[in-house]
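Residue-level listing of the chains:
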Number of protein chains: 2
Amino acid sequence: MESCVPPGFRFHPTEEELVGYYLKRKISSLKIDLDVIADIDLYKMEPWDIQGIYTISHTEWYFFSHKDRKYPTGTRTNRATAAGFWKATGRDKAVLSKNKIIGMRKTLVFYGGRAPNGRKSDWIIHEYRLQTFQNATPQVPN
Amino acid sequence: MESCVPPGFRFHPTEEELVGYYLKRKISSLKIDLDVIADIDLYKMEPWDIQGIYTISHTEWYFFSHKDRKYPTGTRTNRATAAGFWKATGRDKAVLSKNKIIGMRKTLVFYGGRAPNGRKSDWIIHEYRLQTFQNATPQVPN
């Protein structure tokens with residue numbers, strides 16, 4: 001997998017690289033130089049199962065996952081797994097590139113059980129999304 | 001320089017990689033995949049000058065340097081620069097690969113001024129040397 005990476009190099013991406021290169025190309029179905037970020041279905045897995053799919057042990061893992069809608073027609077996100085749920089904490093944070101916002105980061109904490117009685121765990125996810133401003137300036141019909 | 005390294009990869013070598021790949025190949029004049037470790041003359045530079053030769057700002061730098069002998073015929077090392085000197089601290093530590101010693105690490109601290117009146121600084125070097133056991137088992141003449 002790391003055939004092109006010389007000895008001593010590790011995957012320690014900046015947020016700008018994660019969003020501006022990896023996520024952007026993934027969403028655009030463009031080729032990614034090296035297949036370092038796995039596709040998983042986050043809400044079909046428990047956090048302790050995720051490390052099992054990585055051959056090298058780390059304390060951090062990177063992956064792509066689709067958002068799961070709570071209801072087919074709605075925009076609310078279903079963040080429950082079989083054993084618990086991911087809950088957003090704090091404010092979303094902007095990811096910048098050359099002083100422009102290219103994405104947002106949401107931090108989620110895993111709770112065992114079901115809301116509102118979940119047991120907070122030490123598992124944390126930083127969820128990055130691309131920020132596009134294509135529809136940010138609505139046209140005024142004339 | 002990093003043309004072959006995909007986005008998000010950083011040079012964070014293990015000691016085994018530093019000694020077993022980079023230092024070993026350097027000493028053997030073998031090709032190194034990517035020219036990430038600069039050649040410098042450590043004792044012709046002050047520590048604060050070293051960062052100037054690196055284009056990207058870090059808190060760690062990797063370089064190759066020849067040892068400078070104190071006297072042409074001796075084995076003592078001259079570790080003085082114009083403004084101070086590097087002084088060993090603690091014990092040398094073994095660098096292992098597959099449970100075998102492949103090298104040793106010496107830690108040196110920079111002192112301003114001249115021994116024994118140097119002023120200790122926060123600059124630290126880890127000096128790696130290859131450990132070869134070619135002459136470790138002397139033949140008993142018969």
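Data block above holds the structure.
First, a word on scope: everything that follows refers to the structure included in this document. (Residues numbered from 1 in each chain as written. Chains lettered and ligands numbered in written order. Predicted model: local features only at pLDDT ≥ 70, side-chain atom pairs only at ≥ 80, totals over all residues. Heavy atoms only, no water.)

### Considerations on the relation of the copies chain A and chain B
For step 1, the next point in the chain: Placing chain A over chain B gives an RMSD of 0.0 Å and needs a rotation angle of 180°, together with 0.0 Å of translation along the axis. Expressed as a symmetry operation, the mapping of one chain copy onto the other fits a two-fold axis.
For step 2, the next point in the chain: Mapped onto chain B, 100% of the interface residues of chain A again fall at the interface, so both copies present the same surface. (Least-squares fit on C-alpha atoms with pLDDT ≥ 70 in both. Contact = heavy atoms within 4.5 Å.)

### Brief notes about unusual backbone geometry
For step 1, the next point in the chain: The linkage connecting A:Ala115 with the following residue, A:Pro116, adopts the cis geometry, with an omega of 0°.
For step 2, the next point in the chain: Turning to its location among the elements, A:Pro116 is positioned in the loop between β5 (100-112) and β6 (119-130).
For step 3, the next point in the chain: Notably, A:Ser29 is not glycine yet its phi reads approximately 55°, a positive angle.
For step 4, the next point in the chain: Along the polypeptide, A:Ser29 turns up in the loop between α1 (15-27) and β2 (38-39).
For step 5, the next point in the chain: Residue class for A:Ser29 comes out exposed when judged on its relative accessible area of 66%.
For step 6, the next point in the chain: With phi around 50°, B:Lys98 is a residue other than glycine that occupies positive phi space.
For step 7, the next point in the chain: Examined against the element boundaries, B:Lys98 turns out to sit in the loop between β4 (84-97) and β5 (100-112). (Helix = DSSP H or I, 4+ residues; strand = E, 2+ residues; numbered from the N terminus. Buried < 20%, exposed > 50% of the residue type's maximum accessible area, 1.4 Å probe, protein only.)

### Comments concerning the pattern of salt bridges
For step 1, the next point in the chain: Across all of its chains, the model carries 16 salt bridges over all chains by this definition.
For step 2, the next point in the chain: A salt bridge links A:Glu17 to B:Arg10, with the nearest nitrogen and oxygen atoms 2.7 Å apart. In this pair, A:Glu17 is assigned in helix α1 and B:Arg10 in strand β1 (residues 9-11), connecting two distinct chains.
For step 3, the next point in the chain: Overall, A:Glu17 belongs to the buried group, its relative accessible area being 19%.
For step 4, the next point in the chain: Close ionic contact of A:Arg79 with A:Glu127 constitutes a salt bridge, the shortest N to O distance being 2.7 Å. Separated by 48 residues along the polypeptide, A:Arg79 in the loop between β3 (63-64) and β4 (84-97) and A:Glu127 in strand β6 bring together distant segments of the chain. For the residue pair A:Arg79 and A:Glu127, the accessibility class agrees, reading buried in each case. (Salt bridge = Lys/Arg side-chain N within 4 Å of Asp/Glu carboxyl O.)

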